[in-house]
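Listed below are the residues making up each chain.
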Amino acid sequence: MQDRPYTLLSCSMSIDGYIGGVGSRVLLSNEDDLERVDAVRASCDAILVGAGTVRIDNPRLVVRSEARRGERAARGLAASPTKVTVTRRADLDARADFFAVGEGEKLVYCASPSVAAARERLGTVATVVDGGEAVDMRALGTDLAARGVGRLMVEGGSAVHTQFLTDDLVDELQLTVAPVFLGDSKAPRFVRDGSFPWNPGRRAALVDVRQLGDVVLLRYALSPRFGECR
Ligand SMILES: NC(=O)c1ccc[n+]([C@@H]2O[C@H](COP(=O)([O-])OP(=O)(O)OC[C@H]3O[C@@H](n4cnc5c(N)ncnc54)[C@H](OP(=O)(O)O)[C@@H]3O)[C@@H](O)[C@H]2O)c1
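This write-up is about the structure you can find in this document. (Residues numbered from 1 in each chain as written. Predicted model: local features only at pLDDT ≥ 70, side-chain atom pairs only at ≥ 80, totals over all residues. Heavy atoms only, no water.)

**Looking at the site of the ligand**
Next, step 1: The environment of the ligand is formed by 26 residues, the closest being S12, T53, D57, T87 and R88.
Next, step 2: S158 places a main-chain nitrogen or oxygen 3.2 Å from an oxygen atom of the ligand.
Next, step 3: For the ligand, the accessible surface in isolation is 930 Å², of which the surrounding protein chains cover 90%.
Next, step 4: When residues of the shell around the ligand are traced back to their parent elements, those giving at least two are β1 (6-14), α2 (51-57), β3 (82-87) and α7 (158-166).
Next, step 5: Residue contributions to the shell around the ligand peak at six residues, all from α2.
Next, step 6: Residues of the shell around the ligand, tallied by class, amount to 11 nonpolar, nine polar and six charged. (Near = heavy atom within 4 Å. Polar contact = N/O pair within 3.5 Å; in protein donor to acceptor, adjacent residues only side chain to side chain. Areas by Shrake-Rupley, 256 points an atom, 1.4 Å probe, with all protein chains shown as cover. Helix = DSSP H or I, 4+ residues; strand = E, 2+ residues; numbered from the N terminus. Nonpolar A, V, L, I, M, F, W, Y, C, P; charged D, E, K, R; others polar.)

**Quick word on the pairing of strand β7 (residues 172-178)**
Regular strands show a simple pattern: their side chains alternate between the two faces of the sheet.
Next, step 1: The buried count for β7 comes to seven of seven residues, which makes it a mostly enclosed element.
Next, step 2: Residues E172, Q174, T176 and A178 line one face of β7 and the alternating positions L173, L175 and V177 line the opposite face, and both faces are buried.
Next, step 3: Sheet topology places β1 next to β7; seven bridges connect them, and they run parallel. If you follow M13 over to β7, its bridge partner there is V177.
Next, step 4: Relative to strand β9 (residues 215-221), β7 is paired through six bridges, and the arrangement is antiparallel. Paired with V177 across the bridge in β9 is V216. (Buried < 20%, exposed > 50% of the residue type's maximum accessible area, 1.4 Å probe, protein only. Pairing = 2+ DSSP bridges.)

**Some remarks on the layout of surface pockets**
Next, step 1: Its volume calculated, the largest pocket comes out at about 1300 Å³.
Next, step 2: For the lining of the largest pocket, the secondary-structure elements that each account for two or more residues are β1, α1 (31-42), β2 (46-50), α2, β3 and α7.
Next, step 3: Considering each element in turn, the lining of the largest pocket owes the most residues, six residues, to α2.
Next, step 4: Split by residue class, the lining of the largest pocket holds 20 nonpolar, 17 polar and 11 charged. (1 Å grid on protein atoms, 1.4 Å probe; cavity = no way out; pocket = protein on both sides within 12 Å on 5 of 7 lines; lining within 4 Å. Points joined across faces, edges and corners; volume = space filled by probe spheres on them.)

**Digging into empty space enclosed by the protein**
In this approach the atoms are scanned with a rolling probe the size of a water molecule, which exposes any empty space left behind.
Next, step 1: Tallying each qualifying case throughout the model produces one cavity of 30 Å³ or more.
Next, step 2: Roughly 40 Å³ of internal volume is contained in the largest cavity.
Next, step 3: R4, P5, T7, M137, R138, G141, L152, F164 and L169 are the residues that line the largest cavity.
Next, step 4: Counting residues per element, the lining of the largest cavity draws most heavily on helix α6 (residues 137-146), at three residues.
Next, step 5: A breakdown of the residues in the lining of the largest cavity according to their chemical character gives five nonpolar, two polar and two charged.

**Describing the pairing of strand β8 (residues 205-212)**
Next, step 1: As defined by bridge partners, β8 adjoins β9 across seven bridges and the pair is classed as antiparallel. When the sheet's bridge partners are listed, R210 is paired in β9 with L217.
Next, step 2: In textbook terms, the turn of a hairpin is the stretch between consecutive antiparallel strands, and for β8 and β9 this stretch comprises two residues, one of which, G213, has a positive phi near 60 degrees.

**Side note on the pattern of salt bridges**
Next, step 1: Tallied over the full model, the rule gives 15 salt bridges.
Next, step 2: Across the salt bridge formed by D93 and R95, the nearest N and O atoms sit 2.9 Å from each other.
Next, step 3: Its relative accessible area of 36% is what places D93 among the partly exposed residues.
Next, step 4: Residue classification places R95 among the exposed residues on the basis of a relative accessible area of 68%. (Salt bridge = Lys/Arg side-chain N within 4 Å of Asp/Glu carboxyl O.)

**Thoughts on the packing of aromatic side chains**
Next, step 1: Scanning all chains against the criterion turns up one aromatic pair.
Next, step 2: Geometrically, the ring pair formed by F98 and F99 is edge-to-face, given 4.9 Å between the ring centres and 75 degrees between the ring planes. F99 carries the same exposure label as F98, and that label is buried.
Next, step 3: Its end group placed over the ring of F98, K83 keeps NZ or CZ at 5.7 Å from the ring centre. (Phe/Tyr/Trp six-rings, centres within 6.5 Å; stacked < 30°, edge-to-face > 60°. Lys NZ or Arg CZ within 6 Å of the ring centre and 35° of its normal.)

So, in structure tokens, the structure goes:
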């Protein structure tokens, strides 16, 4: 067994590299891309987003296609993957769709100082895991693997992307570019500042480019595990 799940990072950005509005959600995908993302979600064991995304986007993070839900059920899986989030402050609302929608398991990796508060707020809707003084994404991946997660989809936002990429924990990047500019430097970008393993001295491997209506999908292999099947 691998010590961390196969990790696929999926993100939509504007032409000028932003992934949302200032404190608000912006739809950057189109229907074809949402359909593609639904299929990717259905192929995964868990989906992870940061607490910022839970608060700002209020995502449901469930497989929406009945056929795909049925296929998962036929394989003995929950209709949708396990939902995972990370938080330091535990400032999360148990009524958010992340917790309220879908029957599957919800995991909250919480920094140790806020674990008691997180259990009080979220203990009835999620399993709160003590992630240590600062949640380390590699350790989180190891814990998910021990819980049977073989394939993890990371779906944002900037802070989470940055940690997974700078820690070299991503095997595959699926990036869609929407034909819009957001034009506000206060908006979140795809990643924050950091030291990335792929840079002018070590370029990432582009393995596929696909047009989906008015968006383009760029698929990068970021590790030798790229394309690994279970
Ligand atoms: N276009 C897309 O594909 C896409 C997808 C998803 C999100 N987004 C956008 O991304 C934006 C949100 O990005 P963001 O960077 O502000 O937030 P984020 O990455 O979703 O979440 C950041 C939060 O996660 C928690 N966190 C992150 N790393 C942690 C660690 N190591 N240990 C413990 N907790 C940790 C902290 O939560 P606490 O503050 O609770 O302590 C932190 O404030 C939104 O605008 C959203 O619309 C876009």
